[in-house]
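As a plain string of letters, each chain reads:
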Amino acid sequence: MKVLIVGGGGREHAIAASVAKSPRVDRIYCVPGNAGIAQIAECAPIGAMEFDRIVEFAREKEIDLTIVGMDDPLVGGLVDELENAGLRVFGPRRNAAVLEGSKAFSKDLMKKYHIPTAAYENFDSADAALSYLERAHFPIVLKADGLALGKGVLICNTLEEAKEGVRSIMLDQKFGAAGNRMVIEEFLVGREVSVLSFVDGKTIKAMTSAQDHKRAQDGDQGLNTGGMGTFSPSPFYTKEIDEFCRKYIYQPTVDAMAAEGRAFQGIIFFGLMLTEDGPKVLEYNARFGDPEAQVVLPRMKNDVVEVMEACIDGRLDQVDLQFEDNAAVCVVLASEGYPVSYEKGKVITGLEQFEGKDDYYCFHAGTKQTDGGIVTNGGRVLGITAKGKDLKQARANAYEAAEWISFENKYMRHDIGKAIDEAE
Ligand code: AMP
Ligand code: GLY
């Protein structure tokens, strides 16, 4: 069969690498893709928001399955457009992708269906939000309602900071229209864990856990980024926590969406905080995480295409989802200056070192093929993933492999997976 992947980051490279392992797949296409994906797929220069062109491309190439990896096209309704054209797609429709697309929607859903989350209020006027803050406890968390590249969350320690935050989100529209509404919520304390899951509308199968490192610098300092590295599994996500989440968070979320007439088919990413009062949902995403996919998918034993097809056909209950009994760590190699400003176009060397090494992966994110070789083309450039028998071994392997690559202005965090040592 022919598979089309929509997106062009490290996550999409990880998805493409898993799809390529499926014996059922003859050919992979990707829009727009990147230089790494181009080694296993035919990439076409079509943007992820160019819905008409994507539908036309899928028809022309007679695509059997399209996988939409990114939030913007999901929230914008690309799945609906492809379905309306009679094409088979893995991913939630627009009315279900709102689970990620509107934080106010997801908070109201959790409240209505008693899914554990931080206490909150939604606001659609800055005046109401500002007067609410006068009575609030600090720190407090401000969230722009809509998609904001993972940057629409402000943690404010004082009333002044919070007021400034409300003004920047709602009045100055720092995150654009995403800030027409906002959520103000209780600050939760605990350890964060990401759990991705396959969903077919009624059944949910959780994948192995992972933990992201969102801040740009070592010691969780600096600005929030898309993610500087991940490890999987999380040693803090115990069997008891998993059982609790399955019963009180995962299945109830899927049931709630179905009850609202928004049956969810695709990936639900649960961003959880493990608090003293038990696990609570920080956020939902309607897609694989980036770089969570880079540590979760390489550990998956199933044929990913078969699992996705089971989701589309509503027979996920028949799938026995299995993960390897090992660990993986992903270290992101970024361009110095990310996420603010950075130079592109630097030649990358050492990529060939990954060839023929089974437990090492070099997932491309911001890269481009030029006549002079593969060059950097974004803030996050590569995601270096390595597996190991346990987390420590995987971490040592990933950092070793991170040294195989060179480019001018290469930047990485040196403490990805530090929490592993705290778990002992
Ligand atoms: P989100 O995009 O909602 O996951 O928020 C981004 C990051 O902000 C999360 O990964 C957390 O580190 C932090 N965060 C979000 N909500 C809260 C909260 N209620 N309490 C504490 N930290 C939070
Ligand atoms: N790594 C977090 C995300 O993909 O949203």
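Refer to the preceding data block for the structure.
About the cut-offs
- Residues numbered from 1 in each chain as written.
- Chains lettered and ligands numbered in written order.
- Predicted model: local features only at pLDDT ≥ 70, side-chain atom pairs only at ≥ 80, totals over all residues.
- Heavy atoms only, no water.
- Helix = DSSP H or I, 4+ residues; strand = E, 2+ residues; numbered from the N terminus.
- Polar contact = N/O pair within 3.5 Å; in protein donor to acceptor, adjacent residues only side chain to side chain.
- Contact = heavy atoms within 4.5 Å.
- Near = heavy atom within 4 Å.
- Areas by Shrake-Rupley, 256 points an atom, 1.4 Å probe, with all protein chains shown as cover.
- Nonpolar A, V, L, I, M, F, W, Y, C, P; charged D, E, K, R; others polar.
- Core = buried A, V, L, I, M, F, W, Y, C linked by side-chain atoms within 4.5 Å.
- Buried < 20%, exposed > 50% of the residue type's maximum accessible area, 1.4 Å probe, protein only.

Draft legend 1. Molecular detail of the side chain of Ser-232. Structurally, the position occupied by Ser-232 is in strand β14 (residues 229-232). A distance of 2.7 Å separates the side chain of Ser-232 from the backbone oxygen of Ser-209, its partner in a polar contact. Among all residues touching Ser-232, those that are not within four sequence positions of it are Thr-208, Ser-209, Ala-210, Val-295, Val-296, Arg-299, Asn-326, Ala-327, Ala-328 and Leu-391.

Draft legend 2. Summary view of the site of ligand 1. As a matter of local geometry, ligand 1 sits amid 15 residues, with Glu-185, Glu-186, Leu-188, Glu-192 and Glu-283 nearest to it. Interatomic distance of 3.4 Å between a side-chain N/O atom of Lys-103 and an oxygen atom of ligand 1. Here an oxygen atom of ligand 1 sits 2.4 Å away from a polar atom, N or O, in the side chain of Glu-192. Contact with the protein chains removes 92% of the 460 Å² of surface that ligand 1 exposes when unbound. Tallied by class, the residues present in the shell around ligand 1 amount to eight nonpolar, no polar and seven charged.

Draft legend 3. Looking closely at the nonpolar core. Counting residues in hydrophobic clusters, the biggest one holds 83 residues, and the most contacted among them are Leu-82, Tyr-250, Leu-272, Leu-333, Leu-382 and Ile-405. Element by element, the count of residues in this core is highest for helix α9 (residues 239-259), at seven residues. When residues no more than four places from it in sequence are discounted, the contact partners of Leu-333 are Arg-380, Val-381, Leu-382, Ile-384, Ala-402, Ile-405, Phe-407, Lys-410, Tyr-411 and Met-412. If you look at the next biggest cluster of nonpolar residues, it comprises 41 residues, including Val-25, Phe-288, Leu-321 and Ala-328.

Draft legend 4. Local environment of the site of ligand 2. Around ligand 2, the neighbouring residues are Asp-212, Gly-226, Asn-285, Arg-287, Gly-289, Asp-290, Pro-291 and Glu-292. Separating a nitrogen atom of ligand 2 from a backbone N or O atom of Gly-226 is a distance of 3.4 Å. At 2.8 Å, a side-chain N or O of Glu-292 approaches a nitrogen atom of ligand 2. Against a free-state accessible area of 200 Å², the protein chains account for coverage of 90% of ligand 2. Its residues assigned to classes, the shell around ligand 2 comprises one nonpolar, three polar and four charged.

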